[in-house]
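# Descriptive structure summary
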Amino acid sequence: MSLEQAIRLLIIGIEVGSIYALVALSVVLLYRTSRVLNFGQGELALLACFLTFTLTSRMGVPLWLSFLAGLAASAVAAGAFYFFLMRRAKAQDPMGLLILTLGFSLFANGGLSLLFGVDNKQMPGFVDVIETWQIGNFSISKNSVLVAVAGLILMIGLYFFVQKSKIGLAMRAVSQNPEVAKALGIPVNVVLVSSWAVAAILGSAAALLLAPAISLNPSLMLDPLNKGFAAAVVGGMTSLPGAVLGGYLLGIIEAYVGNFVPAFKLALAFILVILVLVFRPHGLLGEKETRRA
Amino acid sequence: MRKRVVVGITAGLFAIAAGLSGMAQDIGVTKTKIKIGTWGPTSGPFQQFGRVMIGIEALVNKVNREGGINGRQIELIKRDDGYDPARTKLVVKELVERQGVFALVGGVGTANGVAILEDVRLNQIPWVSPATGSTAFSQVRDGKLRTPTVFASYTNYVIESILLLRHGVNTLKLSKIGIAYVNNAFGAEGLAGVKSEIAELKGKADLVAQVSHEQSESNLALQALKLKESGAEAVVLYTAGDAMISLLREMAKINYKPQILASSVVAGAILQAGPSTQANGAIVAAYIPLPTAVLADGKNGDPRADAAFAELIKLAPDAVRADPLSTIAGWAFAEPLIEGLKRAGPNLNRPNFVKAMESINNWKGSLFNSLSYSPTDRQGNNSVFLVRGVYAPRPGFTAVGGWVSFNNER
Amino acid sequence: MVLKERYEQDLRLVGSPQGWAAFALTILLFVLIPQIFPAYAYPVALFMVYSLVAIGLNILVGFTGQISLGHAGFFAIGAYAVAKLAPIITFPAALLVAVVACAVVGYLVGIPALKLEGPYLAIATSGFGLAIQQFFANTPNDWFGGHGGLIVEKSQLFGDFFARDRAYYYIILAVVTVMVYMAFNLARSHIGRAFVAVRDAELAAQTSGVNIAKIKTLAFAISAVYAGIGGALFAPLLGIVSPESFSLLLSVQFLSMIVIGGIGTVAGGILGAGMVTALQDQLAQAGGWSGLLYGLVVLIVMILEPLGLYGRWMKIKLYWKSWPF
């Protein structure tokens with residue numbers, strides 16, 4: 001393998017990895033506070049995409065504005081889903097909640113398909129997805145750079161949000177021990193609703209960055225969500241830096257494995273996940289959850 | 001008392017008479033109605049494929065509006081199978097055994113169709129135009145038709161890929177060939193066609209790269225890189241639509257410009273990939289003539305395709321504008337069914353209908369180039385029509401020569 | 001209320017004459033379905049096949065508290081074993097191969113699974129399912145038919161008579177009856193109780209002398225065998241075995257069956273399988289609305305009934321038992 005090719009694969013890995021990392025972050029953020037895996041994450045992101053598409057491509061709203069509107073809508077929908085359905089569902093065990101989110105995902109996907117149609121739509125983006133910058137005789141796609149940089153900015157933003165803001169602190173408290181947090185006067189419901197909203201924003205941002213390069217349709221998020229789950233698990237379900245590490249790792253490994261054994265690319269990526277878990281059952285940076293018998 | 005017996009007997013005779021007259025007709029056929037069933041996914045990740053049903057419905061509506069067939073209206077019953085073969089069998093069983101349809105038309109997916117094939121064979125259910133280009137539906141075993149009630153009209157993918165490749169090698173004089181395909185039965189048949197034709201061409205062309213993607217995969221950056229490395233001058237595409245858009249864009253990013261030879265299945269996506277990708281100039285196989293709506297210069301479309309398009313747009317404007325080709329395909333799939341029903345005459349039953357279908361020979365009345373069935377052949381159509389995807393003056397296609405038919409001479 | 005005086009009474013499968021009558025009626029109903037409602041032979045057959053997988057998955061998830069999003073993999077192994085081998089070594093022999101293969105693979109998957117729990121195990125098992133799917137799809141075409149899959153002709157395996165779903169139904173019914181009986185027996189055996197003990201209090205079970213590792217891997221193996229037999233019966237029923245069928249979506253569908261039906265009981269798995277099959281059958285008429293409606297039903301069940309359909313049934317039963325008090 002030539003150096004040039006190795007670098008190209010790395011770039012592909014980082015671009016794809018940023019998307020995985022963002023989705024993984026949303027998965028971990030939610031898991032830390034609510035102990036739930038959300039199958040509906042993909043549909044929340046789709047909602048943001050369809051709204052952004054409709055506002056900009058159909059109604060001529062500036063892209064940045066409809067981008068924000070899309071993120072906001074998905075955050076509100078996620079908060080509402082938690083507040084009105086998840087919180088009140090009688091099946092409060094992890095398995096019951098998992099299937100509840102599955103039901104939501106099927107319902108929302110059906111609804112979005114009816115509302116917006118199932119065809120491939122051209123999602124507007126901030127840069128032309130094909131244009132490249134030339135560095136010597138090496139070209140790098142503007143979109144790849146945008147995705148990687150925007151991903152980084154979001155991750156840094158999340159870091160400050162969780163570490164420095166009041167609500168972030170409350171989230172960490174709730175994730176450590178919801179009962180004690182409640183006893184100490186932390187409004188647990190507000191914290192949970194906002195963690196659902198922030199998770200939805202991260203997932204939607206991933207989708208909004210991804211969609212212009214391919215095309216927008218109701219199955220856009222199937223694959224990224226799958227990989228985002230896997231990345232979260234590799235990094236450790238309780239660790240935000242772990243999610244980022246897992247995302248990039250999965251993206252880069254996939255690129256190199258896919259280059260040599262294309263037919264088994266997906267399976268091998270997952271086998272690596274399993275291998276990591278055999279040696280580190282709680283992911284690379286995750287901690288064992290203490291359990292009282 | 002006596003009066004009652006007489007009434008009883010008369011009633012009984014009427015019942016028998018009604019039964020007898022019913023026998024000349026068949027399941028799903030009454031004096032005023034013919035029940036026809038079709039299916040495809042309208043939920044789940046593959047629901048785009050289900051749009052074929054719009055075309056079928058549009059033609060049925062038109063026929064009904066014009067008075068039906070021999071005084072009978074067609075009742076089209078549509079079902080969603082989510083593109084899952086187990087569910088396909090569920091819905092087709094329901095159509096046949098509970099709804100009592102006379103015949104099936106369309107029906108999306110290869111594995112999905114194969115799942116009901118044994119039932120169709122055992123119960124001799126007429127099935128016109130499975131909406132998939134697989135060879136499984138017109139098989140001959142020990143000199144006999146395996147499923148004599150099935151009439152395939154879709155140019156099968158093996159033939160389609162062979163004709164695409166021939167154009168690339170013989171006309172465009174390209175010799176290094178690559179193929180990108182999706183990991184399913186559709187992709188596998190495209191690959192099989194390309195491989196067999198490469199062997200037939202004996203050194204005139206080489207298969208230098210074959211890359212594949214999973215159905216769930218939507219980013220094909222790696223595959224683009226592999227194809228570029230192989231130095232393929234032409235790339236045959238049997239991928240999924242959205243994956244193909246990604247592949248073409250990734251090719252553009254790395255400044256790789258092969259000639260694209262694409263299956264009819266991804267024709268719609270060719271017009272969405274963008275003017276600076278190789279979709280601009282791609283050769284695409286079509287099996288029906290194109291309406292004005294998808295022609296680049298916006299004029300001189302095929303009049304019959306235009307008529308179909310006008311009907312379709314009334315029924316489902318958004319879906320048809322988004323994907324005119326696969327919806328019109330549905331129309332074409334239903335045409336031989338209508339013709340068969342007409343030819344079968346007023347005394348409609350399944351054996352008559354099968355005979356009527358067999359009498360379709362070199363028939364040019366449909367959107368297909370020409371349809372021919374016979375007692376020994378059920379693959380009615382072997383032609384494609386090559387077009388080029390362009391982006392000026394507007395995204396659309398231009399014709400490249402006329403119909404090309406498959407025969408084994410070169 | 002029946003007063004149970006001894007432990008054996010509590011363990012008895014069928015406790016009362018009414019129970020026996022209900023049992024006999026159920027069997028009779030299933031025997032008669034292809035005769036009375038021939039149009040429902042296939043949906044009911046499919047339901048029986050799915051209920052085997054659901055029972056198996058419930059043994060793993062409900063009894064021992066492990067999760068699996070990879071049961072489509074075991075289902076595929078069973079299906080491919082029959083599709084590939086039945087024409088050569090007859091159907092019963094192929095079924096046996098499916099059982100052995102799934103037991104071995106299930107045991108092997110169970111070993112690394114010992115260390116994992118919750119989402120980690122979910123993702124790891126989904127990776128297993130994916131690996132199996134890609135294995136069958138990407139091995140050379142003359143092994144398992146590649147992406148096109150293998151066609152299974154019932155007429156070739158059983159003759160034209162059993163090629164009809166109405167007749168093949170009885171082969172499925174026979175196997176499923178035996179397997180359901182064994183599942184009920186397992187639930188009340190010392191192994192079944194060990195499963196539950198492991199789920200409820202791993203530490204306590206260990207101190208009581210339950211070999212945790214052995215019990216957990218055993219659960220995986222038994223669960224895999226159920227899924228595998230389901231797959232083995234599924235292959236001739238459908239007539240084609242293709243890798244596309246055995247996706248993550250199928251594994252998720254299996255999991256949703258047991259959660260909807262009721263976790264931790266044999267009957268729950270059966271009810272869930274019935275519910276999902278019935279929904280698929282009925283919602284096919286809803287056109288573009290089918291996805292939305294399916295999701296809506298799942299949402300409603302999960303919001304209103306924490307114990308699934310079986311839980312609701314138990315509540316009704318208990319209500320009438322103690323009525324009017």
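Residues numbered from 1 in each chain as written. Chains lettered and ligands numbered in written order. Predicted model: local features only at pLDDT ≥ 70, side-chain atom pairs only at ≥ 80, totals over all residues.

Within chain C, the secondary structure is distributed over 16 helices and 2 strands. Since a compact globule built from 325 residues should have a radius of gyration of about 20 Å, the 20 Å found for chain C is in line with a globular shape. Its C-alpha atoms give chain C principal-axis dimensions of about 65 × 50 × 40 Å. Across the 325 residues of chain C, 54% fall into the buried class. Taking the contacts inside chain C whose residues are at least 6 apart along the sequence as the reference set, 76% of them involve residues at least 24 apart. (Helix = DSSP H or I, 4+ residues; strand = E, 2+ residues; numbered from the N terminus. Rg over C-alpha atoms; globule rule 2.2 N^0.38 Å. Buried ≥ 20, exposed ≤ 12 C-beta atoms within 10 Å, placed from the backbone. Contact = placed C-beta atoms within 7 Å.)

On to the overall build of chain B. Looking only at helices and strands, chain B has 13 helices and 14 strands in total. By the compact-globule yardstick of 22 Å for 410 residues, chain B fits well, its C-alpha radius of gyration being 23 Å. By its C-alpha atoms, chain B is 95 × 45 × 40 Å across when sized along the principal axes. Each of the 410 residues in chain B was classed as buried or not, and the buried ones make up 60%. Summarising the internal contacts of chain B: among those between residues at least 6 apart in sequence, 68% fall at separations of at least 24.

Turning our attention to the domain arrangement of chain B. Residues and elements named next belong to chain B. Annotation of chain B at the domain level lists domain 1 (32-155 + 306-379) and domain 2 (157-286 + 385-405). Taking the mean C-alpha position of each, domain 1 and domain 2 sit 28 Å from one another. Taken residue by residue, the interface counts 10 residues in domain 1 and 10 residues in domain 2. Within the residue set of the side of domain 1 that touches domain 2, elements represented by two or more residues are helix H4 (110-123) and helix H12 (324-344). Partitioning the side of domain 1 that touches domain 2 into residue classes produces 2 nonpolar, 7 polar and 1 charged. (Domains from an automatic or database assignment. Nonpolar A, V, L, I, M, F, W, Y, C, P; charged D, E, K, R; others polar.)

Contacts between the two partners involve 41 residues from chain A, matched on the other side by 37 residues from chain C. Mapped by element, the contributors of at least two residues to the side of chain A that touches chain C are helix H4 (94-116), helix H9 (222-235) and helix H11 (265-279) of chain A. Per-element accounting of the side of chain A that touches chain C gives the leading share, 16 residues, to H4(A). For the side of chain A that touches chain C, a count of residues per class yields 30 nonpolar, 9 polar and 2 charged.

This part takes up the sheet that holds strand S11 (residues 259-262) of chain B. All names here are of chain B. Strand order in the open sheet made by the 7 strands is S9-S8-S10-S11-S12-S13-S14, with mixed pairing throughout. Strand pairing shows two members of the sheet lacking a second neighbour, strand S9 (206-213) and strand S14 (396-405), which therefore form its edges. Here the strands of the sheet are splayed against their neighbours by 20° on average, with no regard to which way each runs. Inspection of the sheet shows strand S8 (residues 176-182) paired to S9 by 7 bridges, in the parallel sense. Across the sheet, Tyr181 pairs through a bridge with Ser212, a residue of S9. (Pairing = 2+ DSSP bridges. Axes fitted to C-alpha atoms, helices over the stretch in contact; angles between N-to-C directions.)

Looking now at the sheet that holds strand S1 (residues 33-40) of chain B. Residues and elements named next belong to chain B. Here we have 5 strands laid out as an open sheet, ordered S2-S1-S3-S4-S7, and parallel in their pairing. In this open sheet, the two strands that pair with only one neighbour each are strand S2 (73-80) and strand S7 (150-151). Examined bridge by bridge, strand S4 (residues 127-128) and S7 share 2 bridges and lie parallel to one another. Paired with Trp127 across the two strands is Val150, which belongs to S7.

Residue and element names in this part refer to chain B. Within the secondary structure, Asn349 sits in the loop between H12 and helix H13 (350-358). When the 16 C-beta atoms within 10 Å are taken as the criterion, Asn349 is described as partly exposed. Counting along the chain gives 321 residues from Asn349 to Gly28, while the straight-line C-alpha distance between them is 9.2 Å.

Within the largest apolar cluster, 356 residues are counted, with the highest numbers of intra-cluster contacts made by A:Cys49 and C:Val82. By residue number, the principal contributor to this core is helix H3 (residues 41-64) of chain C, which donates 18 residues. If near-sequence neighbours (up to four positions away) are discounted, C:Val82 is found in contact with C:Phe91, C:Ala94, C:Leu95, C:Ala98, C:Val152, C:Ala232, C:Ala235 and C:Pro236. (Core = buried A, V, L, I, M, F, W, Y, C linked by C-beta atoms within 7 Å.)

Taken as a whole, chain C shows an average pLDDT of 90; of its residues, 96% reach a score of 70 or greater. Across chain C, the element-wise mean pLDDT spans from 66 in helix H1 (residues 7-11) of chain C up to 97 in helix H4 (residues 71-89) of chain C. (pLDDT = per-residue confidence, 0-100.)

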